[in-house]
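Notes for the structure review
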Amino acid sequence: MTFVGADGSARQCSGTAGESLMRAAVRTGIREILAECGGIAACATCHCYVEPPWDQRLDPRSDVEEAMLEAALDPTEFSRLSCQITLSPALDGLVVRLPADQIR
């Protein structure tokens with residue numbers, strides 16, 4: 001998968017099927033994914049923007065995810081919590097953008 005920073009820089013990362021996008025990001029040092037709640041959808045510090053057409057390959061947002069995204073800065077229709085995205089072979093090559101306001 002590719003994480004694109006707010007400055008346009010792209011960083012490649014790999015993950016394992018069944019792992020969350022958030023866990024893969026944290027494990028590989030993507031510093032814009034803070035993951036303060038540890039992946040239980042209790043905050044919005046793993047907010048990211050899923051690039052089209054990848055957004056269409058994801059399961060719909062749950063009510064819990066929708067509620068948490070209301071707390072995210074600058075949410076869009078492409079906003080997702082990376083802890084709620086489970087990696088699979090169908091997401092090989094996934095591209096997400098990272099918000100500028102979430103850097104440590």
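Before going into details, it helps to say that this report is about the structure given with it. (Residues numbered from 1 in each chain as written. Predicted model: local features only at pLDDT ≥ 70, side-chain atom pairs only at ≥ 80, totals over all residues. Heavy atoms only, no water.)

Across its full length, the protein carries two helices and five strands. Beginning at the N terminus, the succession of helices and strands in the protein can be written as β-β-α-β-α-β-β. Relative to its length of 104 residues, the protein is compact, with a C-alpha radius of gyration of 12 Å against a globular reference of 13 Å. In terms of principal-axis extent, the alpha carbons of the protein reach across some 30 × 30 × 25 Å. Relative to its full complement of 104 residues, the protein shows a buried share of 42%. Carbon together with sulfur atoms contributes 50% to the accessible area of the protein, which is approximately 5600 Å² in total. In the protein, 9 side chains carry a positive charge and 15 a negative one; their mean positions are 7 Å apart. (Helix = DSSP H or I, 4+ residues; strand = E, 2+ residues; numbered from the N terminus. Rg over C-alpha atoms; globule rule 2.2 N^0.38 Å. Buried < 20%, exposed > 50% of the residue type's maximum accessible area, 1.4 Å probe, protein only. Areas by Shrake-Rupley, 256 points an atom, 1.4 Å probe, with all protein chains shown as cover. Lys, Arg positive; Asp, Glu negative; His and termini not counted. Charge placed at Lys NZ, Arg CZ, Asp CG, Glu CD.)

Under the defined criterion, the tally for this structure stands at five salt bridges. One salt bridge connects Glu-66 with Arg-61, and the closest N-O pair in it is separated by 3.1 Å. For Glu-66, a relative accessible area of 35% gives the class partly exposed. (Salt bridge = Lys/Arg side-chain N within 4 Å of Asp/Glu carboxyl O.)

Turning to unusual backbone geometry, a few remarks are in order. Across the chain, the bulk of peptide bonds are trans and the bulk of non-glycine residues have phi less than zero. A cis geometry characterises the amide bond from Pro-52 onward to Pro-53, with omega recorded as 0°. Topologically, Pro-53 is positioned in the loop between strand S3 (47–50) and helix H2 (63–69). Non-glycine residue Ala-35 carries a positive phi angle of around 55°. Following the sequence through the fold, Ala-35 ends up in the loop between helix H1 (21–27) and S3. On the basis of relative accessibility, which here comes to 15%, the residue Ala-35 falls in the buried class. Phi is positive for Asp-74, close to 55°, though the residue is something other than glycine. Mapped onto the elements of the fold, Asp-74 is located in the loop between H2 and strand S4 (79–81).

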